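Tertiary structure, described
One-letter residues, chain by chain:
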Amino acid sequence: MYNSIDNSQRHSNSDEQILYNHLLELVKVETPSELIERFRTLFIAGVGYPDREVGAAVERITASKQAEHEFKFILNRCCHILINRWQMQTQLHGAISELIALFEGNRSRNGLYSLPMRGVRRLHELVRLFTQSEQYLTLHRLVRVMNQPSESSGTPETKPLGSLISQYPYLYEHCLLSEGSTYEHQQTVRKLQSSRQKQFEINLSQYVTYQVRRSQQARQASPAPAGRIIQTVSNPTLLNDRELYVALKHFVGKVEGCHTYRDLSQSFLTHSSQTRTYGTFKKELYEYLIPSIDSAYGKRQFNERLYKQLTNILPQSDSQKFSDFLLVRTCSQLLNFLVVESPQRPNHFILIDLISNIGPTLATGLLLKIVLLCRKVKPYLERRFAILFNHYESSTRESVHWLVKALENVNIALSTNFGAVDLSFIR
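Worth saying up front: this structure is predicted, and the values here are computed from it rather than measured. (Residues numbered from 1 in each chain as written. Predicted model: local features only at pLDDT ≥ 70, side-chain atom pairs only at ≥ 80, totals over all residues. Heavy atoms only, no water.)

Here we look at the packing of aromatic side chains
Stated formally: Note on aromatic contacts: the rings of Phe and Tyr and the six-membered ring of Trp form a pair at centre separations within 6.5 Å, being stacked when their planes are under 30 degrees apart, edge-to-face when over 60 apart, and tilted otherwise. Numbering of helices and strands runs from the N terminus, with a helix taken as a DSSP run of H or I at least four residues long and a strand as a DSSP run of E at least two residues long.
The final tally for this structure, using the stated rule, is 15 aromatic pairs. Ring geometry for phenylalanine 43 against phenylalanine 71: centres 6.4 Å apart, planes inclined by 65°, an arrangement best described as edge-to-face. Here phenylalanine 43 is found in helix α2 (residues 32-45), whereas its partner phenylalanine 71 is found in helix α4 (residues 67-86), with 28 residues between them in sequence. An aromatic cluster is present here, built from Phe39, Phe43, Phe71, Phe103, Phe130 and Tyr136 joined pairwise through their rings.

Focus: the side chain of serine 272
Going by this rule: Working definition: with a 1.4 Å probe on protein chains only, accessible area under 20% of the residue-type maximum means buried, over 50% means exposed, and in between means partly exposed. In what follows, residue pairs with any heavy atoms lying within 4.5 Å of each other are defined as contacts.
Locating serine 272 in the fold gives a position in helix α11 (residues 261-272). For serine 272, a relative accessible area of 3% corresponds to the buried category. Aside from chain neighbours lying at most four places away, what touches serine 272 is Phe281 and Phe322.

Considerations on the pattern of salt bridges
Convention followed: For this document, the term salt bridge refers to a Lys or Arg side-chain nitrogen within 4 Å of an Asp or Glu carboxyl oxygen.
Tallied over the full model, the rule gives 16 salt bridges. Lysine 282 is the salt-bridge partner of aspartate 318, the closest N and O atoms lying 2.9 Å from each other. Within this pair, whereas aspartate 318 is found in the loop between α13 (295-311) and α14 (324-338), its partner lysine 282 is found in helix α12 (residues 278-289), the two being separated by 36 residues in sequence. Taking relative accessible area as the criterion, aspartate 318 reaches 27% and is therefore assigned partly exposed.

Brief notes about the confidence of the model for the protein
Which entries qualify depends on this criterion: Per residue, pLDDT captures the predictor's confidence, and it can take any value from 0 to 100.
Per-chain confidence: the protein averages 89 in pLDDT, with 90% of residues scoring 70 or above. Low pLDDT, under 50, characterises residues 1-10; the predicted model gives this stretch 2 contacts beyond four residues in sequence or across chains. Note that residues 106-115 has pLDDT below 50 and, in this model, 22 contacts with residues that lie over four places away or in other chains.

Looking at the nonpolar core
Nonpolar side chains in soluble globular proteins generally cluster together in the buried interior. Stated formally: Put simply, a nonpolar core is a bunch of buried Ala, Val, Leu, Ile, Met, Phe, Trp, Tyr and Cys residues held in one set by side-chain atoms that sit within 4.5 Å of each other.
Grouped together as the largest cluster of nonpolar side chains are 109 residues, with contacts concentrated most on Phe39, Trp86, Leu171, Leu338, Leu354 and Phe385. Considering every element that reaches this core, the biggest residue donor is helix α15 (residues 349-373), with 11 residues. Not counting chain neighbours up to four residues away, the residues in contact with phenylalanine 39 comprise Leu23, Ile44, Leu75, Cys78, Cys79, Leu82, Leu99, Leu102 and Phe103. With 18 residues, the next largest nonpolar core counts Leu204, Tyr210, Val421 and Leu423 among its residues.

Considering the side chain of serine 292
Within the secondary structure layout, serine 292 lies in the loop between α12 and α13. Apart from residues lying up to four places away in sequence, serine 292 is in contact with Glu256, Tyr261, Ile358, Leu366 and Lys369.

So, the packing of α15 against helix α16 (residues 378-391)
Here is the rule we go by: Geometry is summarised by axes, namely lines fitted to C-alpha atoms with helices restricted to the contacting stretch, and by angles between N-to-C directions that run from 0 to 180 degrees. When describing relative orientation, an angle under 35 degrees is termed roughly parallel and one over 145 degrees roughly antiparallel, while 65 to 115 degrees is termed roughly perpendicular and anything else oblique. The sense of a crossing depends on the near helix, which, turned anticlockwise from the far helix by less than a right angle, makes the crossing left-handed and, turned clockwise, makes it right-handed.
It is at 10 Å that the axes of α15 and α16 come closest, and there the two elements cross at 155°. It follows from the interaxial angle that α15 and α16 lie roughly antiparallel. As for the relative orientation of α15 and α16, their crossing is left-handed in sense. Between α15, through Leu351, Leu367 and Val371, and α16, the contact on the second element is made entirely by Lys378, Leu381, Phe385 and Leu388.

A closer look at the environment of asparagine 303
The residue asparagine 303 is located in helix α13 in this model. Judged by relative accessible area, which is 15%, asparagine 303 ranks as buried. Along the backbone, asparagine 303 and tyrosine 286 are 17 residues apart, and their C-alpha atoms lie at a distance of 8.6 Å. Residues contacting asparagine 303, with those up to four places away along its chain left out, are Tyr286, Ile290, Ile293 and Gly298.

Below you can see the structure in the form of structure tokens.
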């Protein structure tokens, strides 16, 4: 019995490799239209594929007992073999859309069946299951990112939130990768993320410079000479000019006395390095965080909730020496509390309440305070917002206006404090 299972597994792995090697060779020599037609014949029609060995390999894969669980990963990888090649050339990005659109179109069942009828039906059922999987959803998001420019503040709010994915590079790694993503695909997404993040920072810097020059020109008594007309630069965010100015001043400028968020975090870290116990650290962390909360709002309920939350984080370690491990655990647990815990438990009442009462900029400032203390939890914060993005993906933007504002503020906060853009001159 065990030998037959082992043999079946080995056979399955061998068939997968036949399929992958076949596509890896073809993607080097065939045009996207030729490859898309091959894909349609092999996976959508399920009949008449010209390479019999490959057709037989697909038949064995779909007939295996593991197919219901494994096929989505196999088909996902087959898609990415083509996508990873095409994404390197901008003119081929349209082919990626055509490839993914195959799964939405009519499935042809004409012609002589090279697979048994049962095998064809099984393939169609597995493809249908694939279109309901997380792997297919991430492919759809990837298409949006590659083929859609960043949005502007004038775009319709009746569109679904998911149409904004290209706007937020910090979500890419969490929204465009799924279980079973290959190393090559992970690298593709990270390169795309890095490129889009860099472009956003350039656009933001150019826009701020443009606004400063406009302001200087407006203060001059005489109009500017024709040769000195300032070229218009578009706002790269979905915030209006006033909201963007407030956000930039808040995340880059002074927030408590003459201190910026960076100053405050560095001062607190220097002080906490002398803290003897973890319990003492949590009390000091509470005092570090509450100045960011409007006092009237904090006194109603929030401050008490925050204090209780901190008290309940690893209480068994209160008498232990404070450590980097405890810092990471505390900050990640705080982000669970303030944003959202998990896809399985997507409760985010605290975040909505914060944004409703103190606004998205101040709420984001509180989160920034935590991430500046512990940079290791920056991906954790990004993951929290990816959970919310995925949760509301099909909702219209206008129905989740609060989330769009939060996503924009987080984008600016992370870019100005962790990116390469230097906007300190606006303080």
